[in-house]
Amino acid sequence: MSAIPANGWLSRVKSAMSKTRDSLAAPVNRVFGRGVFDDETWDELEEILIGADMGLTAATEIIDRIRRDALRHPPGDSGELKEMLQAAIAAEMIPAPILGKHDASLTVIFLVGVNGTGKTTTAGKLARRFADAGGTVVIAAADTFRAAAIEQVAVWADRTGAYLVKHKRGGDSAAVAYDAAAAAKARGADYLIIDTAGRLQTKAPLMEELKKVKGVLTRELPEAHLLSWLVMDATTGQNGLAQATAFAEKIGLDGLILTKLDGTAKGGIVVAVARATGLPVVMLGTGETEADLIDFDSNNFAAALLD
Ligand SMILES: Nc1nc2c(ncn2[C@@H]2O[C@H](COP(=O)(O)OP(=O)(O)O)[C@@H](O)[C@H]2O)c(=O)[nH]1
Ligand SMILES: [Mg+2]
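The paragraphs below set out a description of the structure included in this document. (Residues numbered from 1 in each chain as written. Chains lettered and ligands numbered in written order. Predicted model: local features only at pLDDT ≥ 70, side-chain atom pairs only at ≥ 80, totals over all residues. Heavy atoms only, no water.)

Overview of the sheet that holds strand β9 (residues 281–285)
For step 1, the next point in the chain: A sheet is described by the order of its strands in space; here eight strands give the open sequence β5-β4-β6-β3-β7-β8-β9-β10, paired in mixed fashion. Every other strand in the sheet has two partners, leaving β5 (163–165) and β10 (293–295) as the edge strands with one partner each. With direction set aside, neighbouring strand axes in the sheet form an average angle of 25°.
For step 2, the next point in the chain: The sheet contact formed by strand β4 (residues 137–142) and strand β6 (residues 191–196) spans six bridges and is parallel. By the bridge assignment, Val 137 is partnered in β6 with Tyr 191.
For step 3, the next point in the chain: Across the sheet, helix α6 (residues 119–132) is in contact with β3 (107–112), β4, β6, β7 (225–233), β8 (255–259), β9 and β10; its angle to β6 comes to roughly 170°.
For step 4, the next point in the chain: This element, helix α11 (residues 269–277), spans β7, β8 and β9 of the sheet and lies at about 165° to β8. (Pairing = 2+ DSSP bridges. Helix = DSSP H or I, 4+ residues; strand = E, 2+ residues; numbered from the N terminus. Axes fitted to C-alpha atoms, helices over the stretch in contact; angles between N-to-C directions. Contact = heavy atoms within 4.5 Å.)

Below you can see the structure in the form of structure tokens.
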């Protein structure tokens, strides 16, 4: 039995979201503080949400919901209204990711995404978390495009005590996955993390290659609990939606990791992408150090945006 060890304190989500909160909470407070709730209020609120990158669909749904709720149960004060807004934001997302415990002895984390989103860093952070929880970790350098990419994974493996599977630069990433699967079996590993090369979702041959790697994993490790996670840069804004939709369609995704939340005032993208894909956001990257990977919880997240 293996499971994903937890790391999801509200205080950590809050500090990671401080830039977004600064851009969101103050204008929301100003609008609510006026104590007037007419069409103009709701329009203003919708604009604030869109300004934080929540996207038109999610913003409209959120406003419709609190308008409805406010009619049914007129809020006593602006604090109560804020709670309604928090609940409406949280309702746009799947409440909590389905990570927990499962019966497989091996958990495989397949990390995919476009260039520079933080896949390798996230692989390292995950290796740290799994190792700290006492797990045996194998990490596969399946980004074979650049020697530096392999080296970067090697550094993380070294740092976290994970067993590294690598081939030479220019090697076949599916072959790396094959060897990594064999190594995970031979070592009785609890976790296998596959770092892959970044690719644009529009490049068909590269997407095919990724599918092939996933095929190797499902074929070689039929008993394992395989999780395909898209690593997305939260600072890329609405273009992230196109990435998520395409990767979900072509590769099949179980969840999303949004990184660099620490560097953006537009963290509302998390809501937009969760809404657009219907996929659970599993974790957030909140900085460059090993500890900066926190579990996602929609209620905590909504609270962190507005508190
Ligand atoms: N601020 C911040 N930087 C991050 C985060 N995740 C990754 N990075 C940085 O983003 C850059 C690209 O990361 P990398 O893991 O190499 O991306 P990859 O191309 O997807 O493998 C590196 O400089 C990382 O340190 C994050 O959550 N916050
Ligand atoms: Mg990388």
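Now, onward.
Here we look at the site of ligand 1
For step 1, the next point in the chain: Taken together, 15 residues lie near ligand 1, and Lys 119, Thr 120, Thr 121, Asp 262 and Glu 288 sit nearest.
For step 2, the next point in the chain: Thr 117 is positioned such that a nitrogen or oxygen atom in its backbone is 3.2 Å from an oxygen atom of ligand 1.
For step 3, the next point in the chain: At 3.2 Å from an oxygen atom of ligand 1 is found a main-chain nitrogen or oxygen belonging to Gly 287.
For step 4, the next point in the chain: Protein contacts shield 77% of the accessible area of ligand 1, which totals 590 Å² for the unbound molecule. (Near = heavy atom within 4 Å. Polar contact = N/O pair within 3.5 Å; in protein donor to acceptor, adjacent residues only side chain to side chain. Areas by Shrake-Rupley, 256 points an atom, 1.4 Å probe, with all protein chains shown as cover.)

Focus on the packing of aromatic side chains
For step 1, the next point in the chain: Evaluated as defined, the whole model comprises four aromatic pairs.
For step 2, the next point in the chain: Relative to Phe 37, the ring of Phe 32 lies with its centre 6.4 Å away and its plane at 65°, an arrangement referred to as edge-to-face.
For step 3, the next point in the chain: Phe 37 sits in the partly exposed class, given a relative accessible area of 37%.
For step 4, the next point in the chain: An aromatic cluster is defined as three or more aromatic residues linked by ring pairs; in this entry it consists of Phe 32, Phe 37 and Trp 42.
For step 5, the next point in the chain: The ring of Trp 156 has Arg 159 lying over it, and the distance from NZ or CZ to the ring centre is 4.4 Å.
For step 6, the next point in the chain: For the cation-ring pair, Arg 187 lies above Tyr 163, with the distance from its terminal atom to the ring centre recorded as 3.4 Å. (Phe/Tyr/Trp six-rings, centres within 6.5 Å; stacked < 30°, edge-to-face > 60°. Buried < 20%, exposed > 50% of the residue type's maximum accessible area, 1.4 Å probe, protein only. Lys NZ or Arg CZ within 6 Å of the ring centre and 35° of its normal.)

Side note on the side chain of Asp 143
For step 1, the next point in the chain: Mapping Asp 143 onto the fold places it in the loop between β4 and α7 (147–160).
For step 2, the next point in the chain: This buried residue, Asp 143, is left without a salt bridge; Arg 146 holds the nearest opposite charge, at 4.2 Å.
For step 3, the next point in the chain: Here Asp 143 is in contact with Ala 149, Ile 150, Asp 195, Thr 196 and Ala 197, once residues within four sequence places are set aside. (Lys, Arg positive; Asp, Glu negative; His and termini not counted. Salt bridge = Lys/Arg side-chain N within 4 Å of Asp/Glu carboxyl O.)

Remarks on the pairing of β9
For step 1, the next point in the chain: Within β9, five of the five residues are buried, which leaves the element mostly enclosed by the surrounding structure.
For step 2, the next point in the chain: Relative to β9, β8 runs parallel, the two being bridged by three bridges. Across the sheet, Leu 256 pairs through a bridge with Val 281, a residue of β9.
For step 3, the next point in the chain: Tracing the backbone out of β8, into α11 and back to the parallel element β9 gives a crossover that is right-handed.
For step 4, the next point in the chain: Sheet analysis places β9 next to β10, joined by three bridges and oriented antiparallel. Bridge pairing in β10 places Met 283 opposite Asp 295. (Right-handed = clockwise from strand over helix to strand, strands pointing away.)

Brief notes about the pattern of salt bridges
For step 1, the next point in the chain: Taken as a whole, this structure holds 15 salt bridges when the rule is applied.
For step 2, the next point in the chain: Put simply, Arg 34 and Glu 44 hold a salt bridge, and the shortest N to O gap is 2.9 Å. Of this pair, Arg 34 sits in the loop between α2 (18–33) and α3 (39–51) while Glu 44 sits in helix α3, and the two are ten residues apart along the sequence.
For step 3, the next point in the chain: Its salt-bridge partner being Glu 208, residue Lys 211 comes within 3.6 Å of it at the nearest N-O pair. You can see Lys 211 and its partner Glu 208 sitting in helix α9 (residues 204–220), three residues apart, about one turn around the helix.
For step 4, the next point in the chain: Taken together, the shared-partner salt bridges connect Glu 61, Glu 92 and Arg 275 into one network.

A word on the nonpolar core
For step 1, the next point in the chain: Among the nonpolar cores identified, the biggest contains 79 residues, and Leu 85, Ile 89, Leu 192, Leu 258 and Val 270 are the most heavily contacted of them.
For step 2, the next point in the chain: Looking at which element gives the most residues to this core, the answer is helix α8 (residues 173–187), with seven residues.
For step 3, the next point in the chain: Beyond its immediate stretch of four places on either side in the chain, Leu 85 contacts Val 28, Phe 32, Leu 45, Leu 49, Ile 62, Ile 66 and Leu 306.
For step 4, the next point in the chain: Counting residues in each nonpolar core, the second largest holds 23 residues, with Ile 139, Val 153, Ile 193 and Val 282 among its members. (Core = buried A, V, L, I, M, F, W, Y, C linked by side-chain atoms within 4.5 Å.)

Geometric values such as these leave the question of function open.
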